[in-house]
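Below are the chains, spelled out letter by letter.
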Amino acid sequence: QMGLVRRALKPGLCDVMISIPQGWDRVLWTKPYYRSAYTFVYPKDRGFQISSLDDPILKRLKIGVYINSPPAEALANRGITTNVVGYSPYYDSITERRDEILQNLMAGEIDVVIDWGPMAGYAAKQLNGSRPLEVVLLQGGEPGSPFTFEFSMGVKEGNTALKAELEQAITKRHAEIGK
């Protein structure tokens, strides 16, 4: 959420932020403990075989994507804009729109979604009732705009002792984290 570091980490309301993109300069980050990527999500019964933004079918399908995300920019670079539906990547506590993009997919309002892997996988399992979803890794990337990222934990700048403690825990629990 916007301003989270300023509102929570810097004043000391929390000590550690998880799932911080490797190299994010607003925090002191640990070594990465997982890697994830964007994915395509679509109903299995549609029979799509999409794994790349260069698939010609994307010019004909209604695509849900988060605004200002690397996949949204990559679609625009390919001239795919008129059939794209943009969604806010931020949680809205007033309307509780958390997984609106996938709910719209399930309702048939859009044909395919490009979503963040962990969110897509979790939601696909939760929504997998009457219409199973396919989650496929988005291949490729754009120069300066990758589709795959390494993630760390972040602590307040200067807190090298906590960073070292977290890195020891990451090393010790590496096999468990991998599972």
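Our subject is the structure that appears above.
For the structure given in this document, a descriptive report is provided here. Note that the structure is predicted; figures quoted are calculated from it, not measured.

Procedures and definitions
Residues numbered from 1 in each chain as written. Predicted model: local features only at pLDDT ≥ 70, side-chain atom pairs only at ≥ 80, totals over all residues. Heavy atoms only, no water. Salt bridge = Lys/Arg side-chain N within 4 Å of Asp/Glu carboxyl O. Helix = DSSP H or I, 4+ residues; strand = E, 2+ residues; numbered from the N terminus. Buried < 20%, exposed > 50% of the residue type's maximum accessible area, 1.4 Å probe, protein only. Contact = heavy atoms within 4.5 Å.

## Considering the pattern of salt bridges
Counted according to the given criterion, the structure contains four salt bridges. The partner of Asp111 in a salt bridge is Arg46, and the shortest N-O contact between them spans 2.9 Å. With Asp111 in the loop between α3 (100–106) and β6 (112–116) and Arg46 in the loop between β3 (34–43) and β4 (63–66), the pair connects residues that are 65 residues apart, well separated along the chain. With a relative accessible area of 36%, Arg46 lands in the partly exposed category. For Arg78, the salt bridge goes to Asp54, with nearest N and O atoms at 2.7 Å.

## Some thoughts on the side chain of Ser36
Its place among the elements puts Ser36 in strand β3. The exposure class of Ser36 is buried, given its relative accessible area of 11%. What Ser36 contacts, discounting residues up to four positions off in sequence, is Trp116, Gly117, Pro118, Phe147, Thr148, Phe149 and Phe151.

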